[in-house]
Amino acid sequence: MELTKFLAFLAVVLPVAYGAPTQAAAGLHPKILAAMKRDLGLDAEQANARVARDLWAADVIEQLRTSAGASFAGAWIAEDGNTLNVAVTDEALAAEVTAAGATPAIVANSFSKLENAKLALDNIDIEQPKTLATDSAETGIAAYYVDVAANKLVIEALAGSTAHAENLATQVGLAASEFEVKTVDAMPTTLATVLGGDAYIIDRVARCSVGFSVTTGFVSAGHCGTAGSSATTSSGSSLGTFSASVFPGSADMSYIRGSSGNTFSGYIDSYGSSRLPVAGSTATATGGSICRSGSTTGVHCGTVRALGATVTYAEGRVTGLTQTNVCAEPGDSGGSFYTGTQAQGVTSGGSGDCTSGGTTYFQPVNEILSTYSLTLVKG
C-alpha cells in the first residue's frame, strides 16, 4: 500500500557481538553509504566499521554504567569514531573501564549530579521572550543538557540571555566550574510545514514524515498533530488517526493508529530505488554516528552530541531529546533517526538547514514504544 514508501529507517543487519567488534558490518545500503561519505567523510569500509563500533559501544556503556553505580559520569565516542571514553569519579574504577575496552577519564562530577541539576532547571519557570521567531529574537534560553565530555551542564542561549543562563545555573546549585553557557544564533523551531507533497498530511493542512512502523500503525513527532487529528497521504487516502500525542512537555511524540487496508512494514523510503529495513532499537551513545531520513531533504548523517537535552520551542519546553549535528528542514519532522539498522528516534526540531548545516533534536523511539505499549515492526 501507499504507506510503505513513507516508513523511515535504515540498512542491512549488522552482526555485533558483545566485546570489541571483531569484524566490520558489511552491506550498509548505498544510499546510507553515500550520505555518510558526504556528511562524515567516511568511505564504505569506514562507515560499516563505524556503525559496528557504535553499537558495540552502547553495550559496553550499559555494562559500565551498572558496575560503576554512583561513580558513573557519562560516556562518549571520540571524534575519531573509534575511542570509547567512559568517565568515572572514582579512580579505582579505571582498570575496570580499561578491561572493558574503553578509555577511562577521571572527573569531578558524577552524571547523576549534573543530571539532577538539569532536572531542577526543568522545574523552573524560565521566562522567555514573547516572540521566539528565529529572525527577531535576541533573548532566550534555547536548550540545556549534560555535556559528558566536558563534565559540565551546558546552557545554550541567545546573546542577550547569557547572564540569565548563568543565573539559572547558580540557582540550581552549580559552581562556575560545573556549567558552561554557549551562545547560539537562533532559537530551535519544530519542522512541520504547511504544504502538500509526500510523507503524510495532518488534517489536510500540515506535512510531516513518518517515523517508524509499529504493529498497529506508526509513530511520529508530537507537534505534528493532536489526538483525533487525521493522517492521510498527499492524495487524500487515509493512513490513520492520531491516537495519542505529547508536545510540549515531557516528550515530542505521537502514535497514529493505522486505518485498515494499509501495510505497516519495517522499512523506509531510501529516496532512491530500494527500501531500507530496521532490525531493532538499541540506543547509540554520545559521539556515535547517526543518520536521518525525512520527506523534505532525504537522507543526512552526523553524530550524536548530547542525550537528554531540554529544548525551548515557541510552544514551550520539551525534555528528554537527543541533540545531533545532522541537518533537517521543515517537513522532515517526525522522520526516522537511526544508527545501522537500529531505530533511534523521530525528528523533533532544531535550527539551521541542509545548505549551511545545523542542529537537530530527536525524540528517542524507545520512550514512545514503552509509553504507548507498542511493538516495532522489523524488516
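Refer to the preceding data block for the structure.
Conventions used here
- Residues numbered from 1 in each chain as written.
- Predicted model: local features only at pLDDT ≥ 70, side-chain atom pairs only at ≥ 80, totals over all residues.
- Heavy atoms only, no water.
- Helix = DSSP H or I, 4+ residues; strand = E, 2+ residues; numbered from the N terminus.
- Contact = heavy atoms within 4.5 Å.
- Buried < 20%, exposed > 50% of the residue type's maximum accessible area, 1.4 Å probe, protein only.
- Polar contact = N/O pair within 3.5 Å; in protein donor to acceptor, adjacent residues only side chain to side chain.
- 1 Å grid on protein atoms, 1.4 Å probe; cavity = no way out; pocket = protein on both sides within 12 Å on 5 of 7 lines; lining within 4 Å.
- Points joined across faces, edges and corners; volume = space filled by probe spheres on them.
- Nonpolar A, V, L, I, M, F, W, Y, C, P; charged D, E, K, R; others polar.
- Pairing = 2+ DSSP bridges.
- Axes fitted to C-alpha atoms, helices over the stretch in contact; angles between N-to-C directions.
- Core = buried A, V, L, I, M, F, W, Y, C linked by side-chain atoms within 4.5 Å.
- Phe/Tyr/Trp six-rings, centres within 6.5 Å; stacked < 30°, edge-to-face > 60°.

**Q** Even after reading the chapter, I still don't get the overall build of the chain, so can you show me in this structure?
**A** Within the chain, the secondary structure is distributed over six helices and 22 strands. Within the chain, residue pairs in contact and separated by at least 24 positions form 63% of the contacts whose partners lie at least 6 positions apart.

**Q** Is there a simple way to think about the side chain of Thr312 in this case?
**A** The topology assignment puts Thr312 in strand E18 (residues 298–313). We classify Thr312 as buried; its relative accessible area is 3%. A polar atom in the side chain of Thr312 sits 2.9 Å from the backbone oxygen of Ile141.

**Q** Honestly, empty space enclosed by the protein in this entry has me stumped. Any pointers?
**A** To find leftover empty space, one rolls a probe the size of a water molecule over the atoms. Overall, the coordinates contain two cavities of 30 Å³ or more when judged by the stated rule. For the second largest cavity, the calculated volume is near 40 Å³. Taken together, 10 residues line the second largest cavity, and the ones lying closest to its centre are Met36, Val51, Cys291, Thr339 and Gly340. For the lining of the second largest cavity, the elements supplying multiple residues, two or more each, are helix H1 (30–40), strand E17 (289–294) and strand E20 (336–339). With three residues, the top contributor of residues to the lining of the second largest cavity is E17. Considering only residue class, the lining of the second largest cavity consists of seven nonpolar, three polar and no charged.

**Q** Any chance you could explain the sheet that holds strand E13 (residues 238–246) here in plain terms?
**A** Strands pair in a sheet through their backbones, by hydrogen bonds, and they do so in one of two ways: parallel or antiparallel. The seven strands are arranged E9-E8-E12-E13-E14-E11-E10 in an open sheet whose pairing can be described as antiparallel. The outermost strands of the open sheet, each flanked by one partner alone, are strand E9 (206–208) and strand E10 (212–214). With strand direction ignored, the average angle separating the axes of adjacent strands in the sheet is 35°. When strand E8 (residues 200–202) meets E9, the two strands line up antiparallel, connected through three bridges. Directly across from Ile201, in E9, lies its bridge partner Arg207.

**Q** So what exactly am I meant to see when it comes to the nonpolar core here?
**A** A general trend in soluble globular proteins is that nonpolar side chains are found buried together. Leu121, Ile141, Ile155 and Leu174 are the most contacted members of the largest nonpolar core, which totals 23 residues. Of all the secondary structure elements, the ones that give two or more residues to this core are strand E1 (72–77), helix H4 (111–122), strand E4 (141–147), strand E5 (152–157) and helix H5 (162–171). Formed by 17 residues, the second largest nonpolar core is a distinct cluster that contains Trp56, Ile77, Leu84 and Ala285.

**Q** Even after reading the chapter, I still don't get the packing of aromatic side chains, so can you show me in this structure?
**A** What describes a pair of aromatic rings is the distance from one ring centre to the other and the angle between the planes of the rings. Applying the stated rule across the entire model yields five aromatic pairs. Through a chain of ring-to-ring contacts, the aromatic side chains of Tyr200, Phe218 and Phe242 assemble into a single cluster.

**Q** Got a minute to help me understand unusual backbone geometry in this structure?
**A** Most peptide bonds take the trans configuration, and most residues that are not glycine carry a negative phi. Going from Phe247 to Pro248, the amide bond is cis rather than trans, its omega being -10°. Residue position: Pro248 is located in the loop between E13 and strand E14 (253–258). Of note in the backbone geometry, Asn151 takes a positive phi value of approximately 60° without being a glycine. You can see Asn151 is positioned in the loop between E4 and E5. When its relative accessible area of 8% is taken as the criterion, Asn151 is described as buried. Here Ser373, not a glycine, exhibits a phi torsion of approximately 55°, which is positive. Counting through the fold element by element, Ser373 comes out in the segment after helix H6 (365–371). By relative accessible area, which is 65% here, Ser373 ends up exposed.

Spatial relationships are all this shows, so hold off on functional conclusions.
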